[in-house]
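Per-entry structural report
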Amino acid sequence: MNLSDNMRGALLMNLAMLVFTLNDTCMKAVTQTMPLFQAITLRGAIATAGLVVIACVTRQFRLWPGPRDAKIIAIRSVAEVAGTVLFLVALMHMPLANLSAIMQSLPLAVALGAAVAFGDPLGWRRMTAIGIGFVGVLIIIRPGTEGFDVWSMMALGSVLAVVVRDLAARSLSPGIPSLTVAVWASISVTVMGAAVALVEGWQPVTMVEAIWLGVAAVNLIVGYQTVVMVMRVGDIGFVAPFRYMSLIWALILGWMIFGSFPDRLTLLGSGIVVATGLFTIWGERQKSRRSSAVAGLPDH
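This report concerns the structure included in the present document. (Residues numbered from 1 in each chain as written. Predicted model: local features only at pLDDT ≥ 70, side-chain atom pairs only at ≥ 80, totals over all residues. Heavy atoms only, no water.)

Structural notes on the overall build of the protein
Of regular secondary structure, the protein possesses twelve helices and zero strands. Moving toward the C terminus, one meets the helices and strands of the protein in the order α-α-α-α-α-α-α-α-α-α-α-α. Burial analysis of the protein (300 residues in total) assigns 46% to the buried set. At a minimum sequence separation of 6, the contacts of the protein that also span at least 24 residues come to 89%. (Helix = DSSP H or I, 4+ residues; strand = E, 2+ residues; numbered from the N terminus. Buried < 20%, exposed > 50% of the residue type's maximum accessible area, 1.4 Å probe, protein only. Contact = heavy atoms within 4.5 Å.)

With respect to helix H7 (residues 150–170)
Here H7 spans 31 Å end to end across 21 residues, near enough to the 30 Å set by a 1.5 Å rise per residue. Three or more residues of H7 are buried, namely Ser152, Ala155, Ser158, Val159, Ala161, Val162, Val163, Arg165, Asp166, Leu167, Ala168 and Ala169. (Expected span 1.5 Å × (residues − 1).)

Observations regarding helix H2 (residues 36–58)
Between its first and last C-alpha, H2 extends 32 Å over 23 residues, near the 33 Å set by a 1.5 Å rise per residue. Among all positions in H2, only Phe37, Gln38, Ala39, Ile40, Thr41, Arg43, Gly44, Ala47, Thr48, Gly50, Leu51 and Ala55 are buried. Arg59 occupies a position one or two residues after H2 and carries a positive phi of about 55°.

What about the nonpolar core?
Grouped together as the largest cluster of nonpolar side chains are 44 residues, with contacts concentrated most on Met27, Leu51 and Tyr224. With ten residues, helix H1 (residues 5–30) is the largest single contributor of residues to this core. With sequence-adjacent residues up to four places away left out, Met27 is seen in contact with Ala39, Ile40, Arg43, Leu213 and Ala216. Formed by eight residues, the second largest nonpolar core is a distinct cluster that contains Val110, Ala114, Val159 and Leu167. (Core = buried A, V, L, I, M, F, W, Y, C linked by side-chain atoms within 4.5 Å.)

Thoughts on the environment of Gly223
Note on placement: Gly223 falls in helix H9 (residues 207–230). Here Gly223 falls in the buried class, since its relative accessible area comes to 0%. Separated by 203 residues in the primary sequence, Gly223 and Phe20 have C-alpha atoms spaced 5.9 Å apart. Filtering out sequence-adjacent residues up to four positions away, Gly223 remains in contact with Val19 and Phe20.

Quick notes on the side chain of Asp69
Relative to the assigned elements, Asp69 resides in helix H3 (residues 67–93). Separated by 3.3 Å, the side chains of Asp69 and Arg68 make a polar contact. In this structure Asp69 touches Leu172, Ser173 and Ile176, once residues within four positions along its chain are discounted. (Polar contact = N/O pair within 3.5 Å; in protein donor to acceptor, adjacent residues only side chain to side chain.)

Focus: the packing of H2 against helix H8 (residues 178–200)
Remark: H2 packs on H8, axes separated minimally by 8 Å, with the N-to-C direction vectors making an angle of 155°. Classified by the angle between their axes, H2 and H8 sit roughly antiparallel to one another. Handedness of the crossing formed by H2 with H8: left-handed. Grouping the amino acids of the contact of H2 with H8 by side-chain chemistry returns 18 nonpolar, eight polar and one charged. (Axes fitted to C-alpha atoms, helices over the stretch in contact; angles between N-to-C directions. Parallel < 35°, antiparallel > 145°, perpendicular 65-115°, else oblique. Left-handed = near helix turned anticlockwise from the far one by under 90°. Nonpolar A, V, L, I, M, F, W, Y, C, P; charged D, E, K, R; others polar.)

Some remarks on the environment of Phe87
Structurally, Phe87 is set in helix H3. For Phe87, a relative accessible area of 28% corresponds to the partly exposed category. Here the alpha-carbon distance between Phe87 and Leu156, two residues 69 residues apart in the chain, equals 8.9 Å.

Describing the pattern of salt bridges
Enumeration according to the criterion identifies four salt bridges in this entry. A salt bridge links Glu80 to Arg76; its shortest N-O distance comes to 3.6 Å. Placement of both Glu80 and Arg76 in helix H3 is noted, with a separation of four residues, approximately one turn of the helix. Just as Glu80 is buried, Arg76 falls in that class too. Each of Arg76, Glu80, Arg165 and Asp166 takes part in a single network of salt bridges with overlapping partners. (Salt bridge = Lys/Arg side-chain N within 4 Å of Asp/Glu carboxyl O.)

Given below as C-alpha cells:
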C-alpha cells in the first residue's frame, strides 16, 4: 500500500510519541535516586554519541550546513533548550496535572502556527477534531483550579518554544539530513544539563541507574530523529493531533511499569482522543481515494 505524506507523518508522530514516553518513563525511574540535571547530562552524552556514530556510519551528518540552514538549526536548538528549561522549572513549582493540561495544547498551537506561517490548510472539520481531542485530554488530566500564576506562564512559554522548534524544522532545506538537526539538538540540551548540574550537584552512578539512562538514551536517539522527520512530511495540521497518542502510551506504560490503572473518566478521555485520531485518519483516507479516483489510479 502506498502511503501518502500525511499518513507517513502520522505513523512517524506515533513512533515519536512512543519513544519519548518510554524515555520519560526511564527518566522518571532514574531521577528517583539521581539529580535531574545529572540524569539529563548523562543521558544526553550517551544519546549524542550514538547519534554521531549513526550519522558517520550512514554519512548523513553535515557538521557545518549552509548559512541559512545553520541559522534555522541554531534557532531550533535554542528553542529546544528553552522548552526543556521552562518545562522543568514549571514542573518543580506546579502540579503535574496542570502542567500536562497546558502542554497538551501543543497540537492545536502547532497546527495554528503552521496555518499562519506556511498557509497550511486547516478546515473546520480538522479544527473540530483537534478541539474535540483537546476536550478528551482535559478529561484525562482533569486539571485543578489553582490560580494562573507565573509557573503557568512558564508552561505556556514552553509550549511556544516547542512550536518554534517544530516549525523551524519545516523550513530546513530538503538536503539537510535529519540526523544533523538531531545531533545539534542533543548537544544543546546536554550542554544545558551539564551547566545546571554543576550547581545542582553530582553523585556516583549505580548499575541500575546506568541501565535506565542507557534505555532512555536509545529512545531519545530515535525520538530526536523522528520528531525532525515528522515535521518535514505532510501537513502539520494533519500530523499534529497525533501528539495526543503520548497520553495513550503513558496510560499503557503506567499500568505496565508502575502498576497504575486508569479510572473510568481517564478511559473515557482516552477513547475520545483515539476517536478523533481515527476520524482524522479516515478523512485523509477518503481524500486519498478521491484524489486517486480523479487521477485514475488505485488507492492501495
